[in-house]
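This is what each chain is made of:
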Amino acid sequence: MTATDATIEATTEAAEIAEDTPHFRFFELEVLRTRRLGHSFLRITFGGESLAGFRSGGYDQSLSLFLPPAHREHTVLPSTAEDTWFAQWRGMPDEERPVMRSYTVREQRRTPEGVDEVDIDFVLHGTETSAAPAAGSPASYWAGRAVTGRRIMAIGPAVAENKSVRFQPPAATDVVLMYADETALPAAAAILDRLAEGTRVKAWFEVPHEDDRLVLPTLADADITWVVRESGAGRERTERLLEVVRAAGTPAAEAPYAWIAGESATIRAVRRHFVQERRVDRRAVRFTGYWRLGASEEELLAEAYAGRAPSEDPGASL
Ligand SMILES: Cc1cc2nc3c(=O)[nH]c(=O)nc-3n(C[C@H](O)[C@H](O)[C@H](O)COP(=O)(O)OP(=O)(O)OC[C@H]3O[C@@H](n4cnc5c(N)ncnc54)[C@H](O)[C@@H]3O)c2cc1C
C-alpha cells in the first residue's frame with residue numbers, strides 16, 4: 001500500500017457520508033484548550049455541541065479535519081449537505097478553501113459535568129514558528145497557533161463500528177507487533193489504551209526528539225522500544241530504524257498481528273521486514289502510510305483522484 005492508497009482509505013470518511021445510514025458526518029469542533037505533550041506534540045482538546053453525536057470507535061480511529069487558511073480565524077464551508085459539500089468545497093477559490101487533513105481521535109470522553117470532548121495530538125513538524133505557511137504544512141501551522149474559541153470542521157464517526165478503525169486483529173492473535181512514527185503515535189497510544197489486560201505487545205516507536213517519548217498508559221504486557229531519530233532522512237533513516245528493529249528478538253507466537261503506520265517508504269520497509277524476515281503472514285499485517293516525505297496531503301489526494309475512474313472518485317460520488 002502506498003501513501004496514496006492510504007489517503008484514499010483515509011478519505012472513506014468523506015465517501016461514506018453519502019451512505020443511507022452514514023457512518024460519518026460533519027461536526028463543528030471548537031478549541032477548548034491546548035497542551036504541549038513533548039517536543040513535537042501539541043494536544044488540542046475540542047468541544048462543541050455537535051460532539052453529542054460523535055462516536056469514536058477507539059483504537060486508531062481517524063477523522064478528516066478542515067482547517068482554515070491563515071487569514072481566517074474559523075473554518076467556513078459553503079455546504080455540509082451530503083450531496084453538495086464536496087463540489088462546493090472543491091469549487092472554492094484556492095486562497096479561501098480550507099485544507100482537508102487526516103488526524104486521529106486520541107480520546108473521546110464526556111466529563112463529569114456532561115461536556116463532550118475530543119483530544120487530537122498534532123505533530124508540529126517545523127513550520128509552527130514561521131510567520132506564514134509559505135513552506136506548506138498548513139495543518140501543523142494551524143495547530144501551532146490554535147487558541148481557545150477557534151472553530152474548525154471535521155468529518156468524523158457517527159457510529160463506533162466504521163472503516164476508519166483499521167486496527168482489527170483476528171481473534172486468535174497471540175502477540176501484537178507495532179511500529180509507529182510520531183504521526184502515528186497518537187493512534188498507537190489509543191490502541192494501547194484499549195488493549196485487554198495482559199495482551200502481549202512488542203512495539204517500536206520512532207520519534208524526532210528524546211522529549212517525545214511519552215508515557216503511554218496500558219494494561220497490555222507491552223515491551224516498547226523507543227527509537228529517537230538522529231539527523232538524516234529517507235533511506236538512511238529507514239536503514240537505521242531497521243537495524244534497531246532487527247536487533248530485537250521475535251516474541252514466540254503462533255499468530256502474530258502487525259500494525260504499522262507512519263511515513264510511506266518507512267512503513268513499506270518495516271512491512272517487508274515483518275513478512276520476509278519474521279515470517280508474519282502478510283494477511284495479518286495492517287500497514288498505513290500516514291504521510292509521504294516531500295508530498296503534501298493535497299498532492300497525495302490529487303494522485304489518488306488521477307489514478308481512479310471518475311465513478312470511483314470518493315468525492316465525485318457524493
Ligand atoms: C489515518 C491518518 C491518521 C493521522 N493521524 C495523525 C495524528 O493524529 N497526528 C498527526 O500529527 N498526524 C497525523 N497524520 C499525518 C498527517 O495527516 C500528515 O502529517 C499531514 O501531512 C500533515 O499536514 P500538514 O498540512 O502539516 O502538511 P502537508 O501540507 O500535508 O505536507 C507538507 C510537507 O510536510 C511534510 N510532512 C508532513 N507531515 C510531516 C511530519 N510529521 N514530519 C515531517 N514532515 C512532514 C510532507 O512530506 C510535505 O513535504 C495522520 C494521517 C493519516 C492518513
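Residues numbered from 1 in each chain as written. Predicted model: local features only at pLDDT ≥ 70, side-chain atom pairs only at ≥ 80, totals over all residues. Heavy atoms only, no water.

Asker: Can you walk me through the packing of aromatic side chains in this structure?
Answerer: A ring pair, where both rings are aromatic, is described by two values, the distance of the centres and the angle of the planes. In the structure shown here, the tally under the stated rule is 15 aromatic pairs. Each ring, one from Phe46 and one from Trp142, has its centre 6.4 Å from the other, and the planes form 10°; the classification is stacked. With Phe46 in strand S2 (residues 41-47) and Trp142 in helix H4 (residues 138-145), this residue pair connects regions lying 96 residues apart in the sequence. Using a relative accessible area of 8% as the deciding quantity, one classes Trp142 as buried. (Phe/Tyr/Trp six-rings, centres within 6.5 Å; stacked < 30°, edge-to-face > 60°. Helix = DSSP H or I, 4+ residues; strand = E, 2+ residues; numbered from the N terminus. Buried < 20%, exposed > 50% of the residue type's maximum accessible area, 1.4 Å probe, protein only.)

Asker: What exactly am I supposed to notice about the side chain of Asp60 here?
Answerer: With respect to the element layout, Asp60 can be found in the loop between S2 and strand S3 (62-67). Within the buried set, Asp60 has no salt-bridge partner at all; the shortest N-O distance to an opposite charge, 5.0 Å, is to Arg166. (Lys, Arg positive; Asp, Glu negative; His and termini not counted. Salt bridge = Lys/Arg side-chain N within 4 Å of Asp/Glu carboxyl O.)

Asker: Whenever I open this one, the site of the ligand confuses me. Can you help?
Answerer: Around the ligand sit 26 residues, and of these Arg101, Ser102, Val123, His125 and Arg292 come closest. At a separation of 3.1 Å, an oxygen atom of the ligand approaches a polar backbone atom of Pro138. For the ligand, whose accessible area on its own is 920 Å², the fraction buried by protein is 90%. Elements supplying a minimum of two residues to the shell around the ligand: strand S4 (99-104), strand S6 (116-123), H4 and strand S12 (285-291). (Near = heavy atom within 4 Å. Polar contact = N/O pair within 3.5 Å; in protein donor to acceptor, adjacent residues only side chain to side chain. Areas by Shrake-Rupley, 256 points an atom, 1.4 Å probe, with all protein chains shown as cover.)

Asker: Looking at this structure, I do not really get the pattern of salt bridges. What am I missing?
Answerer: Opposite charge on two side chains permits pairing when their charged atoms draw close. This model, assessed by the stated rule, comprises 23 salt bridges. A salt bridge links Arg101 to Glu298, with the shortest nitrogen-to-oxygen separation between them at 2.9 Å. Of this pair, Arg101 sits in strand S4 while Glu298 is found in helix H8 (residues 297-306), placing the two residues 197 residues apart along the sequence. Judged by relative accessible area, Arg101 falls into the buried class, the value being 7%. On the basis of relative accessibility, which here comes to 38%, the residue Glu298 falls in the partly exposed class. Across the salt bridge formed by Glu117 and Arg109, the nearest N and O atoms sit 3.0 Å from each other. Judged by its relative accessible area of 6%, Glu117 falls in the buried class. On the accessibility criterion, Arg109 (23% relative accessible area) is partly exposed. Connected through shared salt-bridge partners, Arg33, Arg43, Glu107, Arg109, Glu117, Asp119 and Asp121 make up one network.

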